[in-house]
Every structure is written in structure tokens, then in C-alpha cells.
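Descriptive analysis of the structure
One letter stands for each residue in the lines below.
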Amino acid sequence: MSYNLLKGKKGIIFGALDENSIAWKTALKAHEEGAQFVLTNAPIAMRMGQIKELAEQTGSEIIPADATNVEDLENLVEKSMEILGGKIDFVLHSIGMSVNVRKGRHYTDEKYDFTEKGWDVSALSFHKVCQTLFKKDAMNEWGSIVALTYMAAQRVFPDYNDMADNKAYLESIARSFGYFFGKEKNVRVNTISQSPTPTTAGKGVKGFGGFIAYADKMSPLGNATAQDCADYTISLFSDLTRKVTMQNLFHDGGFSKTGVSEEVIAKFGDED
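Residues numbered from 1 in each chain as written. Predicted model: local features only at pLDDT ≥ 70, side-chain atom pairs only at ≥ 80, totals over all residues. Heavy atoms only, no water.

1. Thoughts on the overall build of the protein
- In terms of helices and strands, the protein carries ten helices and seven strands.
- For a compact globule of 272 residues, the expected C-alpha radius of gyration is about 19 Å, and the protein comes in at 18 Å, within 12% of that figure.
- A principal-axis box enclosing the C-alpha atoms of the protein has dimensions of 65 × 45 × 40 Å.
- In the protein, buried positions account for 51% of the 272 residues.
- For the protein, the computed accessible surface area is about 13,200 Å², with 51% contributed by carbon and sulfur atoms. (Helix = DSSP H or I, 4+ residues; strand = E, 2+ residues; numbered from the N terminus. Rg over C-alpha atoms; globule rule 2.2 N^0.38 Å. Buried < 20%, exposed > 50% of the residue type's maximum accessible area, 1.4 Å probe, protein only. Areas by Shrake-Rupley, 256 points an atom, 1.4 Å probe, with all protein chains shown as cover.)

Have a look at this one:
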């Protein structure tokens, strides 16, 4: 069901890879709610995914951009405003990658050039996106910028590796840039801390299947799906959340606030 929440709004969506990705589902929902937007991803990711199919479904144009490259981002923002006919109302940053995880390097044995690359892609790129939008005065007043994060920024999930550090940095950027964007341009900046979700990136984490089952048992409402996250993201893009900014918003069925359940104690035993 459409509520026309984004009727007339224009945006940029980073990170749509395939139909499993949150960015993909957000793009479909934004289109359903009346938005126009540009899709973007790194050239290598575009070769791996099916972004052209998404562009056809939503009537969108694609602009390849490496989010770690400021020149690419400047070109992306300028061309997006040309295509969309004006300033931007919303931006989704749905980007994350750990070379250490991909290469099987343990957290206690990181290869630091891998660490720096993952940090640049997963976290610093968000600062680069915000800075480019800020300097070019590309956001409309009451616009909304959202990045996706995960609770490993606050709690220890050993196999999440250096991505946990990246997410902590990402959330800090949202708070810090959110202050300046809010004070000077009336623009919101938030992060959504999503349930473990079986995206292409998520499934690459060791032990993911067991953990998603555990989180689903622990969450009073169950895990939030990628579609649930897309719906929530749309609400943050809309005018209904104009005074929400600099927040890390947990979207996880209550998992972040829940103690050990009776089912978990029964399964794993009471240590006492």
C-alpha cells in the first residue's frame, strides 16, 4: 500500500546490489511512495549485481561512483541534481565491506592495509558523502540522510571482526555531521541499526546462520527483515520525522534491549 510519503521528493541511493539488499528494497519502496532517485554503486559492485534491472523497475538512472573517491562523489552529486532537476531530499548510504573478513583474517591478526580499505569503504565514505553534499549545498531544507549500521558497534560479536569498529565510526560521523547539517541547513542525519539480515554482505560473516536464528529467538518481535528496514527508512526520508536527527535508531525487533530469554536458557543451559 502506498501513502505517497515521498511524493515529489528526489534522492540518491547507494549500495543496491541485488534483490536481497536493503538498498534494493528501499529503492522499490521509495518508487512506490512517489520518489524519483538516482542509483549508484562502485563500478566493480555494479558488474557483480543486477542494478540495471532495478533501474528499469523504478525508472531511475544509474551513475557509477566509488564512494571513497571525492571526485566521483562530486560528479555523482552534480549529475544527480541535473537529472532530478534540483536539490536532493534524501540519501541512503548502504555500503559496507571488510577485506579482513573476506580473507579470513582474525581480529587479533588483522592486516592493516585491509583494515584501512574496509574502514574507508564502510565508514569514512559516509563522511565523504556528507561533506560533498554539504559543500555543494545539495540538500533541500528538511532533507534526510540515512546510513545503515549494526549493533556490533555497541556489543561484541567476535566474528563481525573489524566491521564492528567501522560501524562505531560510522555512527559517530552521523552524530557529528548531523549537528552541522542540522544547525546550518536543517537537514537530518541518522543511522539505522538493523537486525542481522541475509544480504550478500551479511551472509559473508562466519557463523551468520546460527546468529540470525539466535537473534530471532531473542527479539520479542522477531528479526526485522530487509523489507521492514526499507519501510522504516522511508519513514525517515518522509516529512513525518523532521525533528529526528543525530540518532542511532535500533530496528531489530527489540533485540538490543532484551536479556536472555527462557528459550535460550533452556537451549544452552543455566550456567549457575
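2. Quick look at a nonpolar patch on the surface
- Taken together, the side chains of Tyr 179, Phe 180 and Met 246 present a nonpolar region at the surface, about 280 Å² in accessible area.
- With respect to the helices and strands, Phe 180 occurs in helix H7 (residues 163–185).
- With relative accessibility at 43%, the residue Phe 180 sits in the partly exposed group. (Patch = residues over 30% accessible without salt bridge, like charges linked within 9 Å, V, L, I, M, F, W, Y side chains within 5 Å. Salt bridge = Lys/Arg side-chain N within 4 Å of Asp/Glu carboxyl O.)

3. A look at the side chain of Thr 149
- Among the secondary structure elements, Thr 149 is positioned in strand E5 (residues 139–149).
- Apart from the residues within four sequence positions on either side, Thr 149 is in contact with Lys 167, Leu 170, Glu 171, Thr 191, Ile 192, Ser 193, Gln 194 and Asn 248. (Contact = heavy atoms within 4.5 Å.)

4. A closer look at the layout of surface pockets
- The calculated volume of the second largest pocket comes to roughly 150 Å³.
- Forming the boundary of the second largest pocket are His 106, Tyr 107, Ala 152, Arg 155, Val 156, Phe 157, Pro 158, Asn 161, Ala 164 and Asp 165.
- Across the lining of the second largest pocket, the residue classes break down as six nonpolar, two polar and two charged. (1 Å grid on protein atoms, 1.4 Å probe; cavity = no way out; pocket = protein on both sides within 12 Å on 5 of 7 lines; lining within 4 Å. Points joined across faces, edges and corners; volume = space filled by probe spheres on them. Nonpolar A, V, L, I, M, F, W, Y, C, P; charged D, E, K, R; others polar.)

5. Some points on the sheet that holds strand E6 (residues 188–194)
- Overall, parallel pairing links the seven strands, which are arranged E3-E2-E1-E4-E5-E6-E7 in an open sheet. Looking at strand neighbours, the two that pair on one side only are strand E3 (61–62) and strand E7 (248–251), the edges of this open sheet.
- In this sheet, E5 lies alongside strand E4 (residues 88–93) in parallel orientation, the contact comprising five bridges. Counterpart to Phe 90 in the pairing with E5 is Ser 144. (Pairing = 2+ DSSP bridges.)

6. Examining unusual backbone geometry
- Even without being glycine, Asn 161 reaches a positive phi, approximately 60 degrees.
- Here Asn 161 is to be found in the loop between E5 and H7.
- Among the residues examined, Asn 161 registers a relative accessible area of 9% and is labelled buried.

7. Some words on the nonpolar core
- Ranked by internal contacts, the top residues of the largest apolar core, which has 34 residues, are Phe 14, Val 91, Phe 126, Leu 133, Ile 145 and Phe 181.
- Those elements giving two or more residues to this core turn out to be strand E1 (10–14), helix H4 (70–84), E4, helix H6 (112–135), E5 and H7.
- Ranked by residues supplied to this core, first place goes to H6 with eight residues.
- When near neighbours in sequence (up to four residues on either side) are disregarded, Ile 145 contacts Val 91, Phe 126, Cys 130, Leu 133, Met 139, Phe 181, Val 187, Arg 188, Val 189 and Asn 190.
- Counting residues in hydrophobic clusters, the runner-up holds 26 residues, among them Ala 27, Leu 92, Phe 237 and Leu 249. (Core = buried A, V, L, I, M, F, W, Y, C linked by side-chain atoms within 4.5 Å.)

8. Some thoughts on H4
- Helix length check: H4, at 15 residues, gives a terminal C-alpha distance of 21 Å against a target of 21 Å (1.5 Å per residue), a fit within 8%.
- The complete set of buried residues in H4 reads Leu 73, Leu 76, Val 77, Ser 80 and Leu 84. For H4, the arc enclosing every buried residue in end-on projection is 95 degrees, short of the 170-degree limit, so these residues lie on one face. Relative to its buried face, H4 has exposed residues pointing more than 90 degrees away, namely Glu 71 and Glu 82.
- On its buried face, H4 is in contact with E1, strand E2 (36–40), E4 and H6.
- Where H4 begins, the capping side chain belongs to Asn 69, and its oxygen is found 2.9 Å from the backbone nitrogen of Glu 71.
- Of the residues one or two after H4, Gly 85 is the one with positive phi, at around 80 degrees. (Expected span 1.5 Å × (residues − 1). Arc of directions from axis to C-beta. Polar contact = N/O pair within 3.5 Å; in protein donor to acceptor, adjacent residues only side chain to side chain.)

9. Observations regarding the pairing of E5
- Within E5, eight of the eleven residues are buried, which leaves the element mostly enclosed by the surrounding structure.
- Both E5 and E6 contribute to a ladder of six bridges, which runs parallel. Residue pairing for E6: Val 146 is matched across the bridge by Asn 190.
- Taken together, E5, H7 and E6 form a β-α-β motif whose crossover is right-handed. (Right-handed = clockwise from strand over helix to strand, strands pointing away.)

Shape is all these values report; function is a separate question.
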